[in-house]
Amino acid sequence: MSKKKGLSLEEKRTRMMEIFFETKDVFQLKDIEKIAPKQKGIAPMTVKDVLQSLVDDNMVDCERVGTSNYYWAFPSKALNARKHKLDELKKQDSEAKQRKVSLEKAVEKAKLGREDTKERSSQLKELKALREEKTQLQAELEKYQECDPGVVEEIRKTNVVAKEAVSRWTDNVFAIKSWTKKKFSFDDSRINKAFGIPEDFDYMD
């Protein structure tokens with residue numbers, strides 16, 4: 001008989017937040033260490049680290065009074081923290097859009113005549129950076145998905161824009177390859193090698 005799969009970090013964080021939201025009370029660490037395993041199934045040895053991660057992300061407040069630390073969190077506090085994170089992600093997406101516009105203009109310029117290899121190589125590196133940034137945004141979405149589906153849906157919509165930008169940029173790269181092939185009769189392998197295009201370069205799923 002296989003062992004029951006343990007809770008992921010995000011599942012533990014979500015369940016611990018439920019303790020604060022449901023009780024609307026203030027706790028010491030020792031209180032949480034008793035409640036979390038019993039009521040939420042969080043492994044005792046992980047309670048302290050999970051709680052600290054919530055404090056670090058401004059989801060839970062912590063105040064030292066005398067020799068003891070007291071912890072509390074209310075729905076409005078958590079919502080403000082998630083909205084702040086959403087604002088950060090929107091700002092990153094806006095900056096990515098601006099870079100995308102600049103790259104599209106550079107690609108249009110390249111279509112008019114043969115540009116040097118260094119410039120094209122730089123553009124391909126920028127495209128790779130956009131892809132990596134999109135992956136990071138998706139990771140952020142997964143991190144906050146279990147905490148607030150409504151907020152995550154807003155982030156997901158902005159992520160669609162980034163994906164469309166990458167797809168259009170990929171179209172432009174293939175257009176450049178097609179133009180070069182017709183203009184100079186180069187095969188795909190030679191073009192990829194000359195301009196630093198990966199052999200497995202393709203559209204993102």
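See the structure above.
One structure accompanies this document, and this report is about it. The shown structure was predicted, so the numbers you read here are calculated from the model rather than taken from an experiment.

Within the protein one finds seven helices and three strands. The linear arrangement of helices and strands in the protein, starting from the amino end, is α-β-α-α-β-β-α-α-α-α. For the protein, buried positions account for 36% of its 205 residues. Within the protein, counting contacts between residues at least 6 apart in sequence, those at least 24 apart form 65% of the total. For the protein, the exposed surface amounts to about 12,900 Å²; the carbon and sulfur share of it is 51%.

Scanning all chains against the criterion turns up six salt bridges. Residue Glu-18 pairs with Lys-40 through a salt bridge whose shortest N-O separation is 3.0 Å. A residue pair is termed long-range when its members are at least 10 positions apart, and Glu-18 in helix α1 (residues 9-23) and Lys-40 in helix α2 (residues 29-40) qualify at 22 residues. Of the residues examined, Glu-18 reaches a relative accessible area of 30% and is grouped as partly exposed.

Reading across from one edge, β1-β3-β2 is the order of the three strands in this open sheet, with antiparallel pairing throughout. At either end of the open sheet lies a strand with only one pairing partner, and these are β1 (27-28) and β2 (61-65). Judged from the two bridges that link them, β1 and strand β3 (residues 68-72) form a sheet pairing that is antiparallel. Residue pairing across strands places Phe-27 opposite Tyr-71, the latter belonging to β3.

In this structure, β2 lies alongside β3, joined through five bridges in antiparallel fashion. Bridging across to β3, Glu-63 finds its partner in Tyr-70. As consecutive antiparallel partners, β2 and β3 are separated by two residues, and within that stretch Gly-66 has a phi angle of approximately 65 degrees, a positive value.

Next up on the list: unusual backbone geometry. The phi dihedral of Lys-24 falls on the positive side, at around 50 degrees, and the residue is not glycine. Looking at where Lys-24 falls in the secondary structure, it is placed in the loop between α1 and β1. Relative accessible area serves as the criterion here: at 54%, Lys-24 is assigned to the exposed category. The phi angle at Asn-58 is positive, at roughly 60 degrees, despite the residue not being glycine.

Turning to the environment of Leu-130, a few remarks are in order. Take Leu-130: it is sitting in helix α5 (residues 117-145). For Leu-130, a relative accessible area of 8% translates into the label buried.

Take the packing of α1 against α2 next. When two helices pack together, their arrangement is given by the angle between the helix axes and the distance between those axes. Closest axis-to-axis distance for the α1/α2 pair is 10 Å, and the angle between their directions is 110 degrees. Relative to α2, the element α1 is oriented roughly perpendicular. Residues Arg-15, Met-16, Glu-18, Ile-19, Phe-20 and Glu-22 of α1 form the contact with α2, whose own contacting residues are Ile-32, Ile-35, Ala-36 and Lys-40. In terms of residue class, the contact of α1 with α2 is made up of six nonpolar, no polar and four charged.

What counts, and where the lines are drawn
- Residues numbered from 1 in each chain as written.
- Predicted model: local features only at pLDDT ≥ 70, side-chain atom pairs only at ≥ 80, totals over all residues.
- Heavy atoms only, no water.
- Helix = DSSP H or I, 4+ residues; strand = E, 2+ residues; numbered from the N terminus.
- Buried < 20%, exposed > 50% of the residue type's maximum accessible area, 1.4 Å probe, protein only.
- Contact = heavy atoms within 4.5 Å.
- Areas by Shrake-Rupley, 256 points an atom, 1.4 Å probe, with all protein chains shown as cover.
- Salt bridge = Lys/Arg side-chain N within 4 Å of Asp/Glu carboxyl O.
- Pairing = 2+ DSSP bridges.
- Axes fitted to C-alpha atoms, helices over the stretch in contact; angles between N-to-C directions.
- Parallel < 35°, antiparallel > 145°, perpendicular 65-115°, else oblique.
- Nonpolar A, V, L, I, M, F, W, Y, C, P; charged D, E, K, R; others polar.

Without other data, these values stay purely geometric and don't point to any function.
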